[in-house]
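# Fold and geometry: a report
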Amino acid sequence: MSDSPKQQIEKLREEIEQHNYNYYVAAQPLISDIDFDKLMKRLEALENEFPEFKDPHSPTQRVGSDLTGGFKSYPHRVPMLSLANTYNFEEVTGFWQRVLEVAGKEEVAISAELKFDGLSIALHYHNGYLEQALTRGDGLVGDDVTANVRTIRSIPLKLRGTHIAEDIEVRGEVLMPFAEFERINRERQDEGEDPFANPRNAASGTLKMLNPEVVSHRHLDAVFYYLFEEEHNLSTQELALQRIAELGLKSSPHAICCHSLEEILDFINYWADKRHSLPYPTDGVVLKVEDKSLYEALGTTAKSPRWAIAYKFPAEQAKTKLENVSFQVGRTGVITPVANFAAIPLSGTIVKRATLHNADFMAALDLHEGDWITVEKGGEIIPKVVSTDPTLRDPQAKRIAFVSLCPECGTPLIQNEGEVAWYCPNKEGCAPQTKALLEHFAGRKAANINIGSETISQLYDLGFLRRVDQFYTLTPQQLAEITHFKDKAINNLLRSIEASKARPYESFLFGLGIPFVGEKVAQILAKAFPDIEQLAQASSEELEAINDIGNKIAGSIKEWFAIDRHRTIIHNLQQAGISLSTNLSEKKEQVSTTLLNKSIVISGTFEHHSRDEYEALIVAHGGKRTGSISGKTSFILAGKDMGPTKLEKAHALGIPIIGEEEFLSLIGEKEE
Ligand code: IVH
């Protein structure tokens, strides 16, 4: 019995909503964009055929939303529409022909541009000054991310050029360049955090951060392709792009004006390959009618204009044979399944493995031994297994199940409530967990001991190094047992271990590997509890009273310090001569002249020090704190929630605003 149209519609809606969830919420899409669009198109077609089943809650009725809360939202002056996606040249040809028909001409000019893979942004400039930046949101209302956007260096706070209209709105895309994406992911992995799946997620995650100071350390970029400026006759897209550049904004690079379908297809073919050498991510080409006087006649649908379309580059896919699924144990005991397959070239690299993320992702794929699988590398830098082909499967092949015991130590795995991940709870006796923790402790941002993972592994296997404090009891005799370790290597390592004792308290706090205590949280904790004993004794309430510390982190800290073995580690580290405390007063006396002759205004609320402490630091480094902003002010040390009047005055006088982190690194209080 086949399903009735109503049942088909309902099933499709459910399926699409699940994929929406996988994509937007879980950040783990299980199908390709093309397949997703196919489902949407099928649902749209059914709903059109059977209008009696139309429903305002259907996924076809929603324009995607990026509203997150935590930000004030404001309406867009003109709705921010999206574009209809196309995936093949027939559809592009269809667009070209429709436009010709409406224009009643043999030829029209079409602007061909790259489709940048970031998130859209609308900037509002008033009298030439950046006044507001809104995300697309649901198309009608967007999140006000002005404070974050102000940190993007390529976005001018004041427009250049002459005859600037009173109100200007310019739209474009906030992007994360590949190099920055890789840098941030390395940093996140160092801190035991999950890496971002792709630069787009990284850009959007960054722009939605509540602390602009952190945003300023992630170097976002932005390009612009759309301008509303009354009083200027921007009759074509080409003129609009020129005007955007004149105003001092980065206008959509590599755009060209095409006069034939052939030119359009050439542009697409050229960039399909060439885009791999661009420093930022792109996922297609956008085609727009040049002549804006045609817009009205072409019209818009509910979601997108008919005067523009997006052509999306196909994600590169390849079929290969699954060799096996291995299960990796991470530092925190999380088990990650990994598909190992026969090596294949994909988008310029050779791939032979791909993460399967977790048990749910793996179950959805329904992998069997020796399966032919399809691997894809699209906007995602990381290859992913998108499907398996059951028709090519040996009928005898066994389904591959997620493990129930730790593959390394045999301990039964556990799952925390509300999480999909499975953990090996054997924190002390599971070799890869301990080895990873030892590596983490020795890492550059923690104790900074110059030792490789292979050496750590050998010392562990020899039984000399099973806890982080045992770095400090290693003897030359023990080190001599490491393969190829001679006097020089032994001395270098011992010297590096000795030098590590001078690392700051916050670095050790990070190095201990307390779950959810990354580098940043460790810094916050070290400031709030200048001695580790205070931290160990802190109640959940005291912990949660600190900015950025929620109950998850607080709970994890309490749990960690409740374990005797951990108290022993702390005791032993202190015995080794490591000071697990911060002494701010000492630093205040280390006078420098970095801020000599500078008058500095302090404004807003701070995370790392009180205002009084900042005043003391300014004085200690030769500067002077003044109460109000004037032409003589050298810069403003601004925390969160700097008052709007001060902000305005600072902009009017062109006085630089420096965030907390930047200030601390300026006076050398913090290492980058
Ligand atoms: S024009 C009426 N041009 O793609 C819509 N959009 O799917 C005007 N995008 O929301 C958009 N590069 O975030 C346009 N060169 C480009 C683009 C571009 C990326 C994004 C934009 C838009 C989405 C549409």
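Computed from a predicted model, the values in this text were never measured in an experiment. (Residues numbered from 1 in each chain as written. Predicted model: local features only at pLDDT ≥ 70, side-chain atom pairs only at ≥ 80, totals over all residues. Heavy atoms only, no water.)

As a further point, take the overall build of the chain. Secondary structure assignment for the chain yields 25 helices and 22 strands. A compact globule built from 672 residues would reach a C-alpha radius of gyration of about 26 Å, and the chain, at 29 Å, matches this within 12%. For the chain, the C-alpha atoms occupy an extent of roughly 85 × 80 × 50 Å along the three principal directions. A buried classification covers 47% of the 672 residues belonging to the chain. At a minimum sequence separation of 6, the contacts of the chain that also span at least 24 residues come to 67%. Looking at the chain as shown, the accessible area adds up to about 33100 Å², and 50% of this sits on carbon and sulfur atoms. Charge-centre separation for the chain: the mean point of 72 positive side chains lies 4 Å from the mean point of 96 negative side chains. (Helix = DSSP H or I, 4+ residues; strand = E, 2+ residues; numbered from the N terminus. Rg over C-alpha atoms; globule rule 2.2 N^0.38 Å. Buried < 20%, exposed > 50% of the residue type's maximum accessible area, 1.4 Å probe, protein only. Contact = heavy atoms within 4.5 Å. Areas by Shrake-Rupley, 256 points an atom, 1.4 Å probe, with all protein chains shown as cover. Lys, Arg positive; Asp, Glu negative; His and termini not counted. Charge placed at Lys NZ, Arg CZ, Asp CG, Glu CD.)

Here the focus is the UniProt feature "binding site: NAD(+)" (unreviewed entry) in the chain. Mapped onto the present numbering, the UniProt feature "binding site: NAD(+)" (unreviewed entry) falls on Asp-33, Ile-34, Asp-35, Phe-36, Asp-37, Ser-82, Leu-83, Glu-113, Arg-136, Glu-173, Lys-288 and Lys-312. For this annotated set, covering 280 residues, the C-alpha atoms extend up to 25.1 Å from each other, a dispersed arrangement in space. Within the secondary structure, Asp-37 is located in helix α2 (residues 33-49). Take Asp-37: its relative accessible area is 17%, and that puts it in the buried class. If sequence neighbours within four positions are ignored, Asp-37 has contacts with Asn-85 and Tyr-87. With respect to the element layout, Leu-83 can be found in the loop between β1 (73-75) and β2 (84-86). Judged by relative accessible area, which is 30%, Leu-83 ranks as partly exposed. For Leu-83, the residues in contact, after removing those within four places along its chain, are Val-286, Ser-304, Pro-305, Ala-308, Ile-309 and Ala-310. (UniProt positions renumbered as here; feature names shortened; annotations may be inferred.)

Two quantities define a packed helix pair, namely the angle between the axes and the distance from one axis to the other. At their nearest, the axes of helix α12 (residues 431-442) and helix α13 (residues 453-461) sit 10 Å apart, and the two run at 130° to each other. The orientation of α12 relative to α13 falls into the category oblique. The handedness of the crossing between α12 and α13 comes out as right-handed. Contact with α12, carried on its side by Ala-431, Thr-434, Lys-435, Leu-438, Glu-439 and Ala-442, involves Ser-453, Ile-456, Ser-457, Tyr-460 and Asp-461 of α13 and no other residues of that element. Within the contact of α12 with α13, the residues separate by chemical class into five nonpolar, three polar and three charged. (Axes fitted to C-alpha atoms, helices over the stretch in contact; angles between N-to-C directions. Parallel < 35°, antiparallel > 145°, perpendicular 65-115°, else oblique. Left-handed = near helix turned anticlockwise from the far one by under 90°. Nonpolar A, V, L, I, M, F, W, Y, C, P; charged D, E, K, R; others polar.)

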